[in-house]
Amino acid sequence: MPDRVYIFDTTLRDGEQSPGCSMTVPEKVRMAAKLVDLGVDILEAGFPIASEGDSEAVDAVSREYPWAHVAALARANRLDVMAAVKSLRNARRPRIHTFIATSDIHLKYKLKKSRQQVLDDAVAAVSLAREYCEDVEFSAEDATRTDLDYLEEVCKAVVAAGARTVNLPDTVGFSVPDEYGALIGRMVKALGDSAVVSVHCHDDLGLAVANSLAAVQNGARQVECTINGIGERAGNAALEEVVMAINTRRDRLPFETRIVTEHLFPASQLLTSIITFGPQPNKAIVGENAFAHEAGIHQDGFLKERTTYEIMEPRSVGVPESKLVLGKHSGRHALAKRCEDLGFPLTREQLDAVYHRFTALADRKKGLRNEEIAAIAREVLTESKSTVGATD
Ligand code: MN
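First, a word on scope: everything that follows refers to the structure included in this document. It should be emphasised that the depicted structure is a prediction, and the values quoted were computed from it without experimental measurement.

1. A word on unusual backbone geometry
Thought 1: A positive phi is found at K112, a non-glycine position, where the angle reads about 50°.
Thought 2: Turning to its location among the elements, K112 is positioned in the loop between α5 (104–111) and α6 (115–132).
Thought 3: Classification of K112 as exposed rests on a relative accessible area of 64%.
Thought 4: Positive phi, close to 60°, is recorded for N228, a residue that is not glycine.
Thought 5: Its place among the elements puts N228 in the loop between β8 (222–225) and α10 (239–248).

Now the structure itself:
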């Protein structure tokens, strides 16, 4: 199936290694359960050489979910690869993910190695990994700042050594969509059917999802991403955004993933409960306001026909329902609906009175709670009853 896009989740690896996101082994296992429900294709569970905990987590996740494809990260050297091999010993579908930086800036200042040395290390690591594991992925770290001829040479060499997936990360979130799309298109062409081209984008310029989609449009068939977009610095491409962009705009993005989208919001919520922060309220798909409407014109349109202001069904991503937030920008229509939902059907005159008091209060507050709205409605209904009584 050429149009199938594999979702490689790295919430438990790249996500976990960022500030405020570290997880214990049991927490990783709990999160992995949700990622399995979600239907991610590959689950990167850790970087075994980095810590005992990471190594244990890879093992625990592989034993708990034997049918999941579990990946372990390793730098391109013997010690790292062997640590990955060891942590994956109980996995039925193991993947060794080995990487080395290929950009001149990393070669000169970080690795202090020549291009030839890096090429040799990459090939040696892939060959070693292939002795233990059929499924080997190679990443050219900082691919987007790498000389393209050299990058192509590295890609071809690691595939010849047995890598089945070649990942070309925008490690520092520097690329822009047309540029990244062109880089991916060139490597896809160079590799043909010999490997799956993968992408891994960071969000330093807020372009991680846009870059990932440009890559898919140019032939990439694996996207590395995380729940809530957590990850190093500004984070990785958000899994929920990549998946819902593809699902919502199939007319422009004729691709398919196996993600069970109804689990997106629950996965986001679970992650939030494990790490130290949640997505910002206006975060796409899973933020608290992603399906909330406050402006009167929007609420009125939404109540007449949902699709006037919503491009996705909240339930399709596991959000229970759209929220009409009643604040100073709200109109009568939404207020009448809320009062009715709260058990106070109002006449036109009563609604006018409630609306008057509501706007006076809303001017001073950021949004009104149901109890406050109910109190106003009750007040107005009591008053209008006594008025009616007086004229009797
Ligand atoms: Mn990364």
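2. Quick notes on the packing of aromatic side chains
Thought 1: In the structure shown here, the tally under the stated rule is two aromatic pairs.
Thought 2: Here Y355 and F358 contribute two aromatic rings whose centre-to-centre distance is 6.4 Å and whose plane-to-plane angle is 35°, an arrangement assigned as tilted. Taken together, the positions of Y355 and F358, both in helix α14 (residues 348–362) and three residues apart, correspond to about one turn of that helix.
Thought 3: Given a relative accessible area of 18%, Y355 falls into the buried group.
Thought 4: On the accessibility criterion, F358 (1% relative accessible area) is buried.
Thought 5: Positioned above the aromatic ring of W67 is the side chain of R92, whose terminal nitrogen or guanidinium carbon lies 4.4 Å from the ring centre.

3. Overview of the nonpolar core
Across soluble globular proteins, nonpolar side chains show a tendency to be buried alongside one another.
Thought 1: Within the largest apolar cluster, 95 residues are counted, with the highest numbers of intra-cluster contacts made by M31, L38, F138, L168, I184 and L239.
Thought 2: Here this core takes seven residues from α6, the largest share from any one element.
Thought 3: Here this core gathers at least three residues from each of two domains, domain 1 (3–274) and domain 2 (294–391).
Thought 4: By size, the runner-up hydrophobic cluster in this structure holds 19 residues, among which are C339, F358, A362 and V380.

Rules used in this analysis
- Residues numbered from 1 in each chain as written.
- Predicted model: local features only at pLDDT ≥ 70, side-chain atom pairs only at ≥ 80, totals over all residues.
- Heavy atoms only, no water.
- Helix = DSSP H or I, 4+ residues; strand = E, 2+ residues; numbered from the N terminus.
- Buried < 20%, exposed > 50% of the residue type's maximum accessible area, 1.4 Å probe, protein only.
- Phe/Tyr/Trp six-rings, centres within 6.5 Å; stacked < 30°, edge-to-face > 60°.
- Lys NZ or Arg CZ within 6 Å of the ring centre and 35° of its normal.
- Core = buried A, V, L, I, M, F, W, Y, C linked by side-chain atoms within 4.5 Å.
- Domains from an automatic or database assignment.

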